[in-house]
Every structure is written in structure tokens, then in C-alpha cells.
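Residues per chain are reported as follows:
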Amino acid sequence: MRFYAAVNLLLSTSSLFLINYHEANGQVTEREEKDILLKIYDELGGNDWTSKANWGSSVDVCRGWFGITCNADGNVVTLSLPKNNLIGTLPVDVYGLLDLEDLYLKENEIDMDFNGIERLSKLTHLQVEQCNITNTVGLGKSTSLERVHMSDNILTGHVEEILKIPSLRHVYVNNNDFEEPIPESIGDLQYLEVFMSFSNGMTGTIPTQIGKATNLKWLVLGDNWLSGTIPTELNLLVDLEELSIRDANLTGTIPSLSNLGKLEYLHFDDNGLTGTIPETLVRASAEYSNSNGKPIEMDLSFNQLTGTVPLGLAHFKNLTIQLENNYLTGIDSKLCFSRSEPSPAIMGWQYGDVGRFGCDAILCPWDTYQEEAGRQDDSDKPCLECPGTGLSTYFGSSECVKSEKKILETIFFATNGPDWTDNTGWDQTYDDDFSVCDYNGIVCKSGTQSIERINLARNNLSGKVPPAIFELEFLKEINLAFNEGLNFNFNGIGNAKRLVRLNLANTELSSLAGIEKAGEQLAQLILTSNFLTGTIPDEIFKLSSLTELYMAQNALTGSLSEKISDLYAIQELHLSNQRGKGFTGPLIDFKNLANLKTLKVSHNSLTGTIPTTFLSGITDKENDIEVDLSYNDIGGIVPSELGSLTKLDLKLVMNKIQGIDQALCANGDGSEWIDGDVAKYGCSAILCPKNYFNADGRQTGSAEKCKKCADGKTAENLGSIECSYPVNEKEILMRFYESTDGDNWYNTKNWGKNDNVCTWYGIECVGSNYGVSKIIMENNNLAGVTSKDIYNLPLLQEINVKLDSVAINFDGIGAAKNLEVLYLSDTGIKHVDGIKDAHNLKTLHLTKNFMTGTFPNEIIELQNLEELYLNQNRLSGTFPQNFGEMKSLKFAYLLANDFTGSLPASIGDLSNLEIFTVAGNHMSGKLPKSMNKLTNLKTLSLREQIRLGETEGGFEGPLLSFTDCKFLNKIYLELNKFTGTIPSNFLGHSKMTDSLMEIALNGNELSGIVPATLSQFTKMEIDLSGNKFESVADELCQIDGWNDGDVGVYGCKGIMCLPSTYQEEIGRASMAKGDCSPCAEGPFKDFFGASVCTTVERDILKKLYKKSGGDKWWSKENWMEDGVSVCTWHGITCDEDNSVQAILLGSNNISGDIPTEIFQLPNLSSLWLYSNPINFSFDGIEEAKNLKSLLLDSTGLESIKGVGKAKTLVELDLRFNKLSGNFPYEEINKLKSLASLALSDNDFTGSFESSRLKNVDELMKLRMSANRFSGKLPNFANYHHLRTLDLSSNRFTGDIPSSFMRDCDSPDVEIDLSSNLLEGGLPNEFTNFDTLTIYLRDNKISDIPASLCEKDNWNDKSVGKFNCDAILCPPGKW
């Protein structure tokens, strides 16, 4: 225990007694005050304070302790420790400093408990802004405070607590989150001079009682969620100097404020105010109206004000007024005799602009505009006539009316706007009152409605962007990056005259045709990570104004064109990391690019030498220049001519460089190269010499020297990142082939058939013909044991043998210095002995293997590991206590093993951890408090630690507060044994208050009241059922956004059902299921959140038995037996709470009607009644909210009316029934979660249009064979996840569309189109399918492109053996 903690412990009893005694007598001794200060020091981390001079020393507190001021009696009157790294909760002992007058603790990470502050009868000033204070409870008991500074905390609610202090003069509470009305009690504060509460989410109307606070000088209420009008009582506040209520949702008219003769600032802008500007808006006292009048500032812009600017404002000689973007129709004629002739009385307005520019300096008139301010404020910014057919309807326009909203509407629907991640505003295009400037991703020119920027990056756009986007006249920037389903073409780009920046990174871009017509303003073009192929298209070289061009991570090939020199303005040129071989041929000299600052062409296959004229045309040779030529095949000598570039940062590692001209080294021409490293370390700072190496390929510091290769190892080229024994990559790979039964691999393309290993199946290289970096053999039928010398491949980064039954030999893995990724899931691996030597490993996949025993300590020794996947093994034993040693770990997936014991305290040391799941184990014990230190944690899953039918296991004890886990928004703790209450500070410091929170605490033993502090979260999906809660705080019952809006409809019941009521799915009312229902019989426990009444499920199953001929069922063990759990009845499966989860009664001679009450089983997930002659109705299926699998094949079903109400269905099997007519689009389109649909062997007719099958975005399997569908074959072009499609034995006609299943991203695809009437050839576009099983027999297919006959992985790898014959037998053969 630390010294001060020991002091506090020893003195606590006596100190408390003495403090209470002396407080009663109005005094506290110096010894007692010192003890209080020592406790503050200890509990707020004093050892880590920024300044702590003399604290805890023998120096007198009043004469040397930092931040302490005392009075003449030696008592502390000021405690001032602002911005001093205080951390923790201020102990309430501070209220024992009875003479304290000023408490300054701002900008520290502290919280406070104000209970006891009433003891400080002399405290006048509290300054705690920018701390972590969470509530104000108790503060209102102060009787002496005059100034309260609490801005920028995390306060929620209880602002009235502050306003209880009768002595208040100044209150600063900006930037909190009160989200409550302004208390009426503000009018009771007779001394109040300043009340600043902007950006607080305050609601309701401004109370009329505010007019009683007559000493107010500053009133600031902007950026809140107020409602109603501006109260006329503000006119009673005659001492007001600043009145600011901007951007606060106010409506109604502006009242006269004629009594406010001292006002200097009036801000009512950005509201919804209507009506005219009052003639006597503000009274102009003598100090404002004389010739040198006092300035006054008014801002009424961005409202809906009408009429004219009133004459009454003429009394102000130095008025600055903002009126733009209203509906004003003029300026009083006595203020402006004409547009160019203002009244002499207002020449000083707008800082004298009216005297210089006339009345245009107040507002631009009809049919003119000024795009920045709606008025002229500079000689270069006059009011302009509207061009063409444009017009401005009102004074003060910042733009002329154009139909930009129509263009946005076109973009929205062309790119599947309804499916965007965020389409705020875009779905309001029909609403003329909704400004385009409020649309998500739209930025308008300041003060105008003209679109200047479109930023819809990462927003799930798909389809094609229409050329109308280029019709937006003022458009400067388009950012559509990371929309991976988006196609873009450049037709019409010439119309975008002002376009400066275009970002199309990570889209579906495959062509640049038309881009050469871009305007002269285009300076930045970002095309990274797309599908551009071939050589750099000539269109690019016509964009002579480009300063930045990013084309990295495409599939460009061929030689670098000398036409690059046409880009004379280019400063940044990025061409690195092309897929495949990338650029080939010799390195060109780029000598005509005079302005070049950055050139990156790394990770290609460039050859030749560095030309002596390389970059010789750069004008400013003393500028910082960055050049990255690394990871190519460039050889020769680095020429001395490069020395003319005095500050060159040159990257050349992993080429075939044989030398460096010595003139560039050691105080030569290159002495300032690479941040001066060349001057320090000579040539080694450019490249390590032959037979030397370094992790960076060069010396980067005094301690990072190039190291000599060990005995027997070599480095043949300069710039090596490691040495190696002379490696024959072919021999190593052939030994790998032989040790893993290569002759029986599914795909052996090129293995052993040529010397270029980079062309062998599954091999990726850093060069064109050397440098194996990846071995990708996933699901390739490997067997045996991998050869250990595979780790001698010097550049090996990744091994992937997932889904191969192969044993992994980790002996010698330490030689693979660059190995970062291992995919070993589903290999049958039993241990990882030796893996600890893989020191640079970052990602390790070991899911679904046969690992047994305790957690492998060798994994914990992998100090660079970031991602660990150990799900679904057979690991057991107590969870490792040293788990926290994995300091780099970000993702830890350990679910579905058999770990026991508790989580160790060391887990709190994983500061980088973002996802942690040990769900489905058998762990127990309390959660360590150190988990509160996981400040980057986003997802925590500890669910289901109690096995089915058992009572042992389960985490227990109280819930942690997770206060400092600021980003945690997914918490799954259900089905454990947690007790106690939910802490009042649960997630108290969260930064996710406006994000969707997912919290599952169901199936525990929690009790008490669900706390009001959770009201800080606006969106919450929370499951509290199956606990022992006694109540829910009223504040929570008013948050409409909780539980998908159910709380807005049902109040508290939307969180948990009331005692003696239940709701069958999740223990709460919902719009989908309805209200909570009273339990039919009792007794029942008086707890909230019941999900089932004890007798309901048994009654439903009994009814099923009786109505469907139970006596004649083939299997009926335990059915109808009293005293026997329903979970033991044949075909019934229950969950951990013994609630029915599955009814599996297929092929059981069930007959007759199936009672619809079956859908009332609250946790029913699977209902299998296939191969039974039953009558089945879907009425009421919407009540089965957890139903995922429904198998009704071979039941005689004739109609599926109502099945669309089963919103949670994932699997639906209706084969071998009597369904007929057209495809049931209406019902199926409602099943948004559907992944598998089987309708084969029915009697459906008519055409089938895949475009009419909507909303089923998760569909993976669709079987519709053996019906009578006809017409053109549907293309299923937009189905990303579809991997099994059976349309065989129908009557589809025509060609197979070229776009057939175009967007499918599944790795293994099966298509059956056999026995139809299809014609023509197979589309060449089918080459996009890497692994495909396709059936086409009994059609009229006339052609198979040769490219498809090379798809070795098709038809279970048969195409690799038999070519086209493995797809279809040719004419004349069978």
C-alpha cells in the first residue's frame, strides 16, 4: 500500500471524528486539512500529476504546496490544480476544507460527488469544465456559490440542481447533454448575470419566468432542441448585453425588444422565425445613435422573415446586421433612396460597407445574388445578375434558383438510394421545404443553396452514376470512394467546369473512356483499388492540369509510357501495387515532370537500370522529393546524377541493384538524402551492401545498422531485408508438393512443369519470377505433413491451407521472418508446438480443429499477434492467467471451447483489444475490475457459460460499470449468473451515446431498478428478460428510439413486461408481437420481464398432439405424461431455460390440422413437419418471432398465403407440394432474412423475373426445379450472396444473359439450368466464377468459349482434367 494510502487508513477514524467535531465548532486544524489534501493526492493519482511540488513533504501546506492558497489563519481558501493530470473521483473529504472559497480543477479526468458541498459555506467559485463529471445531484445544497463553470463535461439531466443555488451570478454549462427543459426556477435567481447553456440538447420552450431574472447580462441558449416562440418577457431584461438563441428550432415572430437599451449582440439566426422584423426591434439609446455610435451586431439570417428592412433600425449608426436567406422583399425607401444611394443615417452600417457599396451592402436586390453572403462586402464581390434563366425571388439571395434537387433525385434512384447506408434527406426530394444542403453528404457553398461537394464515400451505393451529376454548376468535389458495387462513366464530365477533385477509389471502375474531357480545374484524381487493366490509357495523359494522380492497386500492365511527361503539372504520382505482374519493361526517366514531389511505383515488375537522366527535369532540386521504386526487378548502379536532387527520399529495397555511385555517399552529393541519413551512415543509408541485411533493407539509425549475413547465408543484391542460404524456391515447393500428396490435389496447374514458380497454382510472388510471398492452397485436398523447409522461403508472408486435411509442422518456423498470416482452420490440427518462434505472426486462424488440453502458452508468446481465431476446438482447463501478455492483440475469438475458471486480471493490460468473445464455454467467477481499462473495446461476448441441463458454470457477481470503455457498444452477457443491480454509472463515459447500443443481459439474476442513467443512449436494443428486476426508471420509458421504437409505443413495457404479465419472445411488448399479456394462472413472481408463463408451452403442445392424431404417431415418447418435462418429449428440443426451441416431427404420421397456437411458443426456432399429410395454415405466424427454419415439404400444401409475416425466417422448404400459379412475389419479398428457399416439384407457371424478387438480399440458395416456369431466363444479376441456383426442368428459353449472376461474390457456386429450352452459347463473362458447378444438359447450347474450358476448378475440378467436355459433351457425343 502506498504511503499516503497508509496514512489515510491509520488516521481515517480519528480524522473523521475531529473534522466533525471541529466543523461543529466552525474550525478545522491544519493537521486535519493536510490529511484531507493527502487523501485527494492519493485518490487522484498524485504521483502522476503534472505539477506536485512539495505535496506530502514536511513543507508547510500554505507555504509551498503547489496549487494551495491559505488565509491569515493558515486555512486553505484556494485549491487550484487545473490541467494537472488528476484522474479519478474527487473524495468528498474535500468538503472538510471549511474555509475553501475557490475550487479550480478544470481540464482533469475527474468526477465529483456533490453530496456534502453544503459544508463549504464560503465556497464562491467552482471551476470544473472539461472534466468527466456525470451528474449535479447535491450541488443545489450550496448556499454560497456565485460562479459555476461546468462546460464540456458529460452531464445528463438535473440542470435544475444548479439553479437551486440562490447566490448564483455566473453559470457556464455549455456542451453537455442535459436533454431537458430549461427550469422555470431560473426566474428565482435574483443575482444571476450570466447563463450560458449552448449545445446541450435542451428541450421545451423558454420559460416565461426568465423575465424575472432582471440582472441578466448574458443569455446564450443556442444550438439546442428548443421549441415554441421567443417569450416577450425577454423585454424585461433591461441589462442584457448579449442575447444569443441561434440554431434552436424557434418559431413564431420576433417580439419587440424595445427596452433592451444596452444590447450589443443579438443572434436569432438559423431558426424558423416568421413575420416581419419589428419596427422597434431594439431601442437605440444615446450611446448607439450619436455620430460615433456604439457598435451593435444583429444576426437574423437563415429564417423565414418577410417584408422589408424597417426604418426603425436607422437609429443605430454602427449596425452590423446579417439578413441573408430569408424571404425579405425590400429595404425601407427612407433607408435606401435607391440601390446606390443610402440614407446618410446608415453610412456607417456593415463596418462602413454601406457608405462604400450602397444598399447592396445590406442585401442584394431582386434578380441578383452574391454567393458568399447575399450582400456586397468587398469591392471584388458585387451583387451579380442571375445568369440565363436563373432568378432570385427575394432580397439577400446567395444563389439563383436552379433544379439541382432534380439532379440529386436522378442520382439517388440510379444508385439504389433506398439501400444506402445513410440516405438522410435524399428520400425527401419530393419535399420542397427540405433543403438539398441538408442531404447526407452534400455541402453547399457558404450561404447558398448551390452544391459544391458530394461526399457519399462508404455509403453502399450501387448501379451506375448518371451523367447528370456533372450538370451541378458549382460542383468542385465528388467523393464516391469505397462503394464497391458502383459503376461510373465519364460521359458529360466536360460540363463540370469547376470540378477540382474526383475520388473513385474502391468502386467498380473499369474504364476511363471520356475522362479526357474533364475541365481544366481537375487537379486531383483518385482511382486507387479498382479494375483498370492494360496499359495506362492515353486519356489520362490529356489531363494536363493534374497535380495528383492515384492509380495504385489496379491491374495495370505493360511498359510505362513516355506520354506521362504530358502531365507537366503533376506533383503526386502513385502507381504502386498493381495486381499480377504489374508494370513491366525498363524504368523510364520521368525527366519532363518538372514539379514532381512524390513518385511511387513499388511492387511492380520493372526492369533495367535507373537512367542517368532520371528526374533530371525537376525544377526545384532542393525540394523534398520522395521516390519509391522498391520491390521491382531494377538492377545496375544507382547513378551519381541523382545527386542533383539534394533532399531525395529514395526507396530501392528488394530490387537487383548491384552498386551505388560513391559520389552519392558520405558527405557527397547525397548528404541530405533520406532525412540526412546518408550523411550519417553513407551508402548503407540508401541500401545495405551485398551480404548484409536489415529489416528495412538499409540503415535507418545508429542502432539499426546493416548486419553481416551469418555463415553460409548470402544476400546477392543491395538492399536485402534478410540473408538466406542459397534458396532454390522450386526445390522447396516441390518438397512441399510431395509431402502433402500433391498428385491428388484438386488443382496442380504448372506445379513442377516450369521453372517460374510464380506461375504455379496458389503461389504469389513479390517479383515476376521469384520471391514466393503467399501459398494459397485452401480446400485443395492436401494431405500428409507439410515439409518444414517451406519456412526457408525468405519472403514468405502467408500460408493458407484451410479446409485441407493436412498436419502442420512448425519446426523451423522461426526462419520465416516475414510470415504474418496463417490460415489453418478446418485442417484437423491437434497442437501448435513450435509456433512460438513465428515472432512476426499477426493473424492466426485455428477455428474448427481438434486442439485439446489447456490454452497453448506458445500462442501467448506471439507478442506481435493481433488477430486470434480459436473458435470451436476442444480446449479446456482454466483460462490462462497470463493472457494479458499478448499486448498487440485486437481480436480474440475463443468461443465454443471448454474453458473453465475465471477471467484473469491481466486481461486489463490488453489496451489494443477491440473484440473479445469467450461465449459458449464453461467459465465462472466474477469479472475482473481491470476490464474497465479496455478503453478500445467495442464488442464483448461472454454469453452462455452454463451448459444445457446443467447448473454449474456461469459468470457471477455484480456487473462491472465499464465506465472507461468509451467505444463499447455490443455487450452480450446473457445466460450467466450475474447478480446485483445495473450500476448507475454503467457505460458512464461512453462516446457511443448516439450510436446503436446492443446489450443482452437476459437469463441472469440481476435485480433492483434499471437505472435512469442509461437514458444517455438514444438508440438501444436491450434484452433484460429472465432476471429479477423490480422496476424501470421512468426516464427510460420515454426514449422513443429504444428497442426499435417499441418503447415509444408501449413505454416501460417496451423494455420489460410488468409483473404477472409476459410476452412470449423476449419478455417485453413490441410492435411486431403486441402488448404483454396477463398470465392465465399463477402464482407468478413479482418480477419484470417474463418471457413465458409456466403452463403455456405445455398446453400448446398438448393441443398439437390432440388435433393431429397423436395416438397414431409413429414416435411419441413421453408425450402427454404428467410430471415429465416437455423437453424430454419425442421431437422436442429446449433451450437452456427449458423453453421449447424446436419441433422436429418430420415423417411421423402426423395428420389433420396443425393448431396455429404453435406459433405462440416464444422461443420456437425450428418447425419441421415434412412428409406428413397435414393441413397447415400460416395464420398467426407473425407471433413466432424467433422462427428461422420451416420445413413443410411433402405435406400437401396448396397455399402459402401469410408466410410473408414470418419476418425472421432463414430457411423455407416447400418442395413436393401442390402449389400452383405465378411465383408468389408478394409473400416471399417480405422475408428479408431468407437465405434458403426451396419450391421445387410444384406446379408454378408463367415467367419468372428476378428483378421482381426484392428485399431478399441474404438469399444464398434458391431451388425452383421441376415446375412449369417459362419465358426468358432471369439473370439474377444483383444477388451478391446467391451460391446455389436450381432452375432445371422448367421451360425457360433464349440465351443465357451475359450479366447472369454478375454480382455474385460467393466463392463456391452451383447452377443447374438443365432440361430447359435454352439456346446460344455460354457467356464469356462466366470467367468471373473461379469455382463453379454447372449443369446444362438437355438444352440447345451451341458454343462454349475457350476461356471457360480453362477454368480448372469448375465442376469439382473436372474441367481441369477434361476441358470443355466436363461442361457439356460436344455435338455427336454423349
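Structure's up top.
Residues numbered from 1 in each chain as written. Predicted model: local features only at pLDDT ≥ 70, side-chain atom pairs only at ≥ 80, totals over all residues. Heavy atoms only, no water.

**Q** Mind showing me how you'd approach the overall build of the protein here?
**A** Assigned secondary structure in the protein consists of 14 helices and 80 strands. Dimensions of the protein, computed from C-alpha atoms along their principal axes, come out at roughly 110 × 95 × 80 Å. By sequence separation, contacts in the protein at least 24 residues apart represent 47% of the contacts at least 6 residues apart. When the accessible surface of the protein is summed, it comes to about 57,600 Å², and 46% of that surface belongs to carbon and sulfur atoms. The positive charge centre, built from 118 side chains, and the negative charge centre, built from 185, are 3 Å apart in the protein. (Helix = DSSP H or I, 4+ residues; strand = E, 2+ residues; numbered from the N terminus. Contact = heavy atoms within 4.5 Å. Areas by Shrake-Rupley, 256 points an atom, 1.4 Å probe, with all protein chains shown as cover. Lys, Arg positive; Asp, Glu negative; His and termini not counted. Charge placed at Lys NZ, Arg CZ, Asp CG, Glu CD.)

**Q** Explain the environment of P794 to me, please; I cannot follow it from the model alone.
**A** Topologically, P794 is positioned in the loop between β41 (783-785) and β42 (798-800). Measuring from C-alpha to C-alpha, the distance between P794 and C336 comes to 83 Å, with 458 residues separating the pair along the chain. The contacts of P794, once residues within four sequence positions are left out, are E722, S724, V727, E729 and N818.

**Q** Is there a simple way to think about the pairing of strand β54 (residues 954-958) in this case?
**A** Remember that side chains alternate between the two faces of the sheet whenever the strand is regular. Examined bridge by bridge, strand β52 (residues 924-926) and β54 share three bridges and lie parallel to one another. If you follow G925 over to β54, its bridge partner there is F955. Of the strand pairs in this sheet, β54 and strand β56 (residues 977-980) are connected by three bridges, and their pairing is parallel. From the neighbouring strand, G957 faces β56, where its bridge partner is F978. (Pairing = 2+ DSSP bridges.)

**Q** I would appreciate a short explanation of unusual backbone geometry in the present structure.
**A** Apart from glycine, the bulk of residues carry a negative phi angle, and the bulk of peptide bonds sit in the trans form. Unusually for a residue other than glycine, D675 sits at a positive phi of about 55°. Secondary-structure assignment places D675 in helix α8 (residues 673-681). Positive phi, close to 55°, is recorded for F1216, a residue that is not glycine. Checked against the element boundaries, F1216 lands in the loop between β69 (1211-1213) and β70 (1220-1221). By relative accessible area, which is 44% here, F1216 ends up partly exposed. (Buried < 20%, exposed > 50% of the residue type's maximum accessible area, 1.4 Å probe, protein only.)

**Q** Looking at this structure, I do not really get the environment of E1065. What am I missing?
**A** With respect to the element layout, E1065 can be found in the loop between β61 (1061-1062) and β62 (1077-1078). Given the relative accessible area of 5%, E1065 is considered buried. For the pair E1065 and A838, spaced 227 residues apart in the sequence, the C-alpha separation amounts to 48 Å. Those residues in contact with E1065 that lie beyond four places of it in its chain are K1073, S1091, P1162, N1163, E1183, A1184, K1185 and N1186.

**Q** Quick question: what am I supposed to make of a positive patch on the surface here?
**A** Residues K1201, K1205, K1207, K1230 and K1232 make up a contiguous surface patch of positive charge. In this fold, K1230 is placed in the loop between α13 (1225-1228) and β71 (1236-1238). (Patch = residues over 30% accessible without salt bridge, like charges linked within 9 Å, V, L, I, M, F, W, Y side chains within 5 Å. Salt bridge = Lys/Arg side-chain N within 4 Å of Asp/Glu carboxyl O.)

**Q** For this particular structure, what's the right way to read the sheet that holds strand β4 (residues 102-104)?
**A** Adjacent strands of a sheet form backbone hydrogen bonds with each other and so pair up, either parallel or antiparallel. Taken together, twelve strands build an open sheet; the order of strands is β1-β2-β4-β6-β7-β8-β9-β10-β11-β12-β13-β15 and the sheet is mixed. This sheet does not close on itself; its edge strands, each paired only once, are β1 (68-70) and β15 (319-322). Neighbouring strand axes in the sheet, compared pairwise and without regard to direction, differ in orientation by 10° on average. Pairing of strand β8 (residues 170-172) with strand β9 (residues 194-196), which is carried by three bridges, proceeds in the parallel orientation. Within the sheet, the bridge partner assigned to H170 lies in β9 and is V194. (Axes fitted to C-alpha atoms, helices over the stretch in contact; angles between N-to-C directions.)

**Q** Explain the nonpolar core to me, please; I cannot follow it from the model alone.
**A** Side chains that are nonpolar tend, in soluble globular proteins, to be buried together. The biggest cluster of nonpolar side chains holds 101 residues, and the ones touching the most others in it are L37, L79, M150, L243, I245, F268 and M298. The biggest single contributor to this core is helix α2 (residues 30-43), with five residues. If near-sequence neighbours (up to four positions away) are discounted, M150 is found in contact with F114, V128, E129, I133, T136, L139, L155, I162, Y172, V173 and N176. One finds W751, I808, A838 and F1029 within the second-largest nonpolar core, a separate group that totals 98 residues. (Core = buried A, V, L, I, M, F, W, Y, C linked by side-chain atoms within 4.5 Å.)

**Q** Sorry, what's going on with empty space enclosed by the protein here?
**A** Over the atoms, a rolling probe the size of a water molecule traces out where space has been left empty. Applying the stated criterion across every chain yields a total of one cavity of 30 Å³ or more. If you add up the space inside the largest cavity, you get close to 40 Å³. If you go around the largest cavity, the residues you meet are F736, T786, I790, Y791, I799 and I808. Taken together, the residues that form the lining of the largest cavity break down as five nonpolar, one polar and no charged. (1 Å grid on protein atoms, 1.4 Å probe; cavity = no way out; pocket = protein on both sides within 12 Å on 5 of 7 lines; lining within 4 Å. Points joined across faces, edges and corners; volume = space filled by probe spheres on them. Nonpolar A, V, L, I, M, F, W, Y, C, P; charged D, E, K, R; others polar.)

**Q** Looking at this model, I keep getting lost on the pattern of salt bridges. Mind explaining?
**A** Counting across every chain of the model gives 41 salt bridges. Between K476 and E452 there is a salt bridge whose closest N-O contact spans 3.4 Å. Highlighted residues: K476 in the loop between β23 (462-464) and β24 (477-479) and E452 in strand β22 (residues 451-455), separated in sequence by 24 residues. A relative accessible area of 34% means that K476 is categorised as partly exposed. Exposure remark for E452: the relative accessible area of 10% places this residue in the buried category.

Functional significance is not addressed by these values, which are geometric in nature.
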